Amino acid sequence: MPNFSSREEPEPPNELERLIRAAAEDPSLQGKMFRKLWASELHIYVPAHPELVGEHTRNTNEGLIWSTYGDAKGPFAAVFTSEAAAHDELRNVPEPLPMICSMQADVLFGFLNDKYTTVRIMASGGGVIRMEPEAVAALVEGEFTHNRVEDAGEKEQVMLRPLADEKVPEKLRQAIRVFCAKRRVPIGVYVFQQLDPATGEYPGDDLRVILWLRGVDNDFYNDFCLMAQKLTPPHLHFYCAVVTSEDEPSLAFLQGYKPLWPLLQS
């Protein structure tokens, strides 16, 4: 099988490729990156066949046969962010060489969302996104691009205790503050832990973030959750809820506690 190895490349030529590289270092950009990915034309290797030359109309019910390759983590479908990147990687592909098939991301992922296929998205500049089948399904469902406030679940009465700033994992704590300072969407961000009613104790294995927003902002909520989930240590469970300025009972509760952001003078 071919070796799709990473290597030094020139500056990525398009916005999606630049976002892939930047999001690898800055999780706050992942939401923007996935929205750009979803709106882009992507390219995939398919077995060469004369009947595939030219333009064709095809729907997901008809299926699509793509070329499968492998690396140390297992088999994958090779997807590229530009036709140039796909052509460039052909030098690592054994004979017979595949064809390059191009289509909009929403159509392509409709084919790839079969519960079995791992996708490796490769960009000029060395950026790579590896998506297991569960992640492919989540992307198709909009969980990475358009996670909505109203999908966060119904409010319920629970017992919460505030989590001191220094108890919030450091990388997550700093990322939340930088993210909110850049976007300036929330009025406040608060972190709690929830009481287990069965034991009457706080297990301490959860982070329950409440965003106080001026109004519903789904892009902010989506991007905040992606970033926070990425930076939450595996031994902790992350949850996020939203209250707006019209929710007076929730605001009365929050105003009794110190926010994680903004930083207040003591």
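See the structure printed just above.
Quick summary incoming for the structure in this document. Here the residue numbers are simple positions, counted from 1 along each chain's written sequence. Residue-level local features of this predicted model are given only where pLDDT is at least 70; pairs of side-chain atoms are given and counted only at 80 or more, and the full residue set underlies all totals for whole chains, interfaces and linings. Excluding hydrogens and water, the side-chain figures rest on all heavy atoms present in the structure.

**A word on the packing of helix H6 (residues 170–183) against helix H7 (residues 218–231)**
For step 1, the next point in the chain: Axis definition: a line fitted to C-alpha atoms, limited for helices to the stretch in contact. Angles are taken between N-to-C directions and run from 0 to 180 degrees. In DSSP terms, a helix is any run of H or I states spanning at least four residues, a strand is any run of E spanning at least two, and both are numbered starting from the N terminus. Viewed as axis vectors pointing N to C, H6 and H7 meet at an angle of 160°, and their least axial separation amounts to 9 Å. By the criterion of interaxial angle, the relationship of H6 to H7 is roughly antiparallel. In terms of crossing hand, the pair formed by H6 and H7 is right-handed. Only Asp219, Phe220, Asp223, Phe224, Met227, Ala228 and Leu231 of H7 make contact with H6, whose side of the interface consists of Lys171, Leu172, Ala175, Ile176, Phe179, Cys180 and Arg183. Comment on the angle field: the value is read as roughly parallel under 35 degrees, roughly antiparallel over 145, roughly perpendicular from 65 to 115, and oblique elsewhere. Each helix crossing is assigned a hand: it is left-handed if the near helix lies turned anticlockwise from the far helix by less than a right angle, otherwise right-handed if that turn is clockwise. Contacts between residues were defined by any pair of non-hydrogen atoms, one from each residue, lying within 4.5 Å.

**Focus on the packing of aromatic side chains**
For step 1, the next point in the chain: Ring pairs are drawn from Phe, Tyr and Trp, using the six-membered ring of Trp, whenever the two centres fall within 6.5 Å, and their geometry is named by plane angle: stacked under 30 degrees, edge-to-face over 60, tilted for the rest. Tallying each qualifying case throughout the model produces ten aromatic pairs.
For step 2, the next point in the chain: An angle of 50° between the planes, with centres 6.0 Å apart, marks the rings of Phe179 and Phe224 as tilted. Within this pair, whereas Phe179 is found in helix H6, its partner Phe224 is found in helix H7, the two being separated by 45 residues in sequence. The same class applies to Phe179 and to Phe224, which are both buried.
For step 3, the next point in the chain: Three or more aromatic residues joined by ring pairs make a cluster, and in this case those are Tyr45, Tyr69 and Phe80.
For step 4, the next point in the chain: The rule for a charge over a ring is simple: NZ of Lys or CZ of Arg within 6 Å of the ring centre, and within 35 degrees of the ring normal. Seen from the ring of Phe76, Arg120 lies directly overhead, with NZ or CZ sitting 5.6 Å from the centre.
For step 5, the next point in the chain: Over the face of the ring belonging to Tyr239 we find Arg208, whose NZ or CZ atom lies 3.8 Å from the ring centre. The rule is simple: take the accessible area with a 1.4 Å probe, protein chains only, and divide by the maximum for that residue type; under 20% is buried, over 50% is exposed, in between is partly exposed.

**So, the side chain of Thr117**
For step 1, the next point in the chain: Tracing the chain through its elements places Thr117 in the loop between helix H4 (105–112) and strand E5 (119–122).
For step 2, the next point in the chain: The class for Thr117 is buried, based on a relative accessible area of 10%.
For step 3, the next point in the chain: Reaching out from Thr117, the side chain makes a polar contact with the side chain of Asp114 at a distance of 2.8 Å.
For step 4, the next point in the chain: For Thr117, the residues in contact, after removing those within four places along its chain, are Trp66, Ala77, Leu112, Met131, Glu132, Pro133 and Val136. In the analysis that follows, any N or O atom pair within 3.5 Å is treated as a polar contact, provided that within protein one partner can donate a hydrogen and the other can accept it, and provided that, for residues neighboring in sequence, both atoms belong to side chains.

**Notes on the environment of Leu19**
For step 1, the next point in the chain: Inspection of the secondary structure assignment puts Leu19 in helix H1 (residues 15–25).
For step 2, the next point in the chain: Each C-alpha atom of the pair Leu19 and Lys32 lies 7.9 Å from the other, and the pair is 13 residues apart in sequence.
For step 3, the next point in the chain: Not counting residues within four places of it along the chain, the set of residues in contact with Leu19 comprises Lys32, Met33 and Lys36.

**Thoughts on H7**
For step 1, the next point in the chain: A helix is expected to span 1.5 Å multiplied by its residue count minus one. Helix length check: H7 (14 residues) gives 20 Å between terminal C-alpha atoms against 20 Å at 1.5 Å per residue, within 8%.
For step 2, the next point in the chain: In terms of residue burial, H7 counts as a mostly covered element, since ten of its 14 residues are buried.
For step 3, the next point in the chain: If you follow the buried residues of H7, they end up packed against helix H2 (30–38), H6, strand E8 (186–194), strand E9 (206–213) and strand E10 (237–244).
For step 4, the next point in the chain: The N-cap of H7, judged by a side-chain oxygen 3.4 Å from the amide nitrogen of Asp219 a few residues on, is Asp217.

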